[in-house]
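# Overview (structure and organization)
The residues making up each chain are set out below.
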Amino acid sequence: MPLSVGTDAPAFTVKDTDGNTVSLIDFKGKTIVLYFYPKDDTPGCTKQACSFRDAIEKYKNKNVVILGVSSDDEDSHKVFTQKYNLTFPLLADTEQKLIKAYDVDGGGYAKRVTYIIDGNGKIIHVDSSVNTSTHASDVLAVLGL
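Being a predicted model, the structure only gives us computed values, none of them experimental.

## Examining the layout of surface pockets
Considering only enclosed or pocket space, the largest pocket measures out at about 160 Å³ in volume. Lining the largest pocket, in full, are Phe12, Thr13, Val14, Lys15, Glu74, Ala92, Asp93, Thr94, Glu95, Lys97 and Leu98. For the lining of the largest pocket, a count of residues per class yields four nonpolar, two polar and five charged.

Pasting the structure below:
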């Protein structure tokens, strides 16, 4: 069962696509769309990532950060990012610490769940019924953008 709205988002520190260390605290004051997905370069995950890629300017213009998370490693994320020209970081949760902390463990992979976290680190929306083709626009609607 995913975490509830109003819950403090669990802190994290992991590596991103480029090997940079990324922590939740890095984004204090910004809205974060933290989306969990099962596997790089699979049909649904690719549709979902590309929907965010195609809408990224709308998010950036409103100071919203997109972060994708799976248990794939940095190399897999790098290949996926380059193949589809993704313009936002993917977080490598190889030890599944985030997957467990955010309660999206699907038994060796992340369930497809998206959390919207406000600038104070509170979860303000949870989507566990993701439509991979329209996900980015669905999230924009939730944010009123």
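## With respect to the side chain of His77
Note that His77 resides in helix α2 (residues 74–84). Within the structure, the side chain of His77 is placed 3.5 Å from the backbone oxygen of Asp72, a separation counted as a polar contact. Once residues within four sequence positions are removed from consideration, His77 is found in contact with Thr17, Tyr37, Asp40, Ser70, Asp72, Leu90, Leu91 and Ala92.

## Quick notes on the nonpolar core
Side chains of nonpolar character tend, in soluble globular proteins, to be buried together. Membership of the largest hydrophobic core comes to 23 residues, with the highest contact counts inside it found for Phe12, Leu34, Phe36, Tyr102, Tyr115 and Ile117. Sorting the residues of this core by element identifies β3 (31–36), β4 (64–70), α3 (97–101) and β6 (113–117) as the ones contributing at least two each. Beyond its immediate stretch of four places on either side in the chain, Phe36 contacts Val69, Leu98, Ile99, Tyr102, Val104, Ala110, Lys111, Arg112, Val113 and Tyr115. Among the nonpolar cores identified, the runner-up in size contains 19 residues, and Val33, Ala55, Ala136 and Val139 belong to it.

## Examining the packing of aromatic side chains
Going through the model one piece at a time under the given rule, you end up with 10 aromatic pairs. Consider the rings of Tyr35 and Phe52, whose centres lie 4.8 Å apart with planes at 25°: the pair is stacked. Placement of Tyr35 in strand β3 and of Phe52 in helix α1 (residues 43–61) is noted, with a sequence separation of 17 residues between them. A residue is classified by how much of its surface remains accessible, and Phe52, at 0% relative accessible area, is buried.

## Let's talk about helix α4 (residues 135–143)
Helical geometry note: an α-helix holds 3.6 residues per turn, so side chains three or four residues apart project in the same direction. Among the residues of α4, those classed as buried are His135, Ala136, Val139 and Leu140. Projected down its long axis, α4 carries its buried residues within an arc of 140°, all on one side. Residues of α4 that are buried sit in contact with β3, α1, β6 and β7 (123–127). Gly144 lies just past α4 and shows a positive phi near 70°.

Rules used in this analysis
- Residues numbered from 1 in each chain as written.
- Predicted model: local features only at pLDDT ≥ 70, side-chain atom pairs only at ≥ 80, totals over all residues.
- Heavy atoms only, no water.
- 1 Å grid on protein atoms, 1.4 Å probe; cavity = no way out; pocket = protein on both sides within 12 Å on 5 of 7 lines; lining within 4 Å.
- Points joined across faces, edges and corners; volume = space filled by probe spheres on them.
- Nonpolar A, V, L, I, M, F, W, Y, C, P; charged D, E, K, R; others polar.
- Helix = DSSP H or I, 4+ residues; strand = E, 2+ residues; numbered from the N terminus.
- Polar contact = N/O pair within 3.5 Å; in protein donor to acceptor, adjacent residues only side chain to side chain.
- Contact = heavy atoms within 4.5 Å.
- Core = buried A, V, L, I, M, F, W, Y, C linked by side-chain atoms within 4.5 Å.
- Buried < 20%, exposed > 50% of the residue type's maximum accessible area, 1.4 Å probe, protein only.
- Phe/Tyr/Trp six-rings, centres within 6.5 Å; stacked < 30°, edge-to-face > 60°.
- Arc of directions from axis to C-beta.

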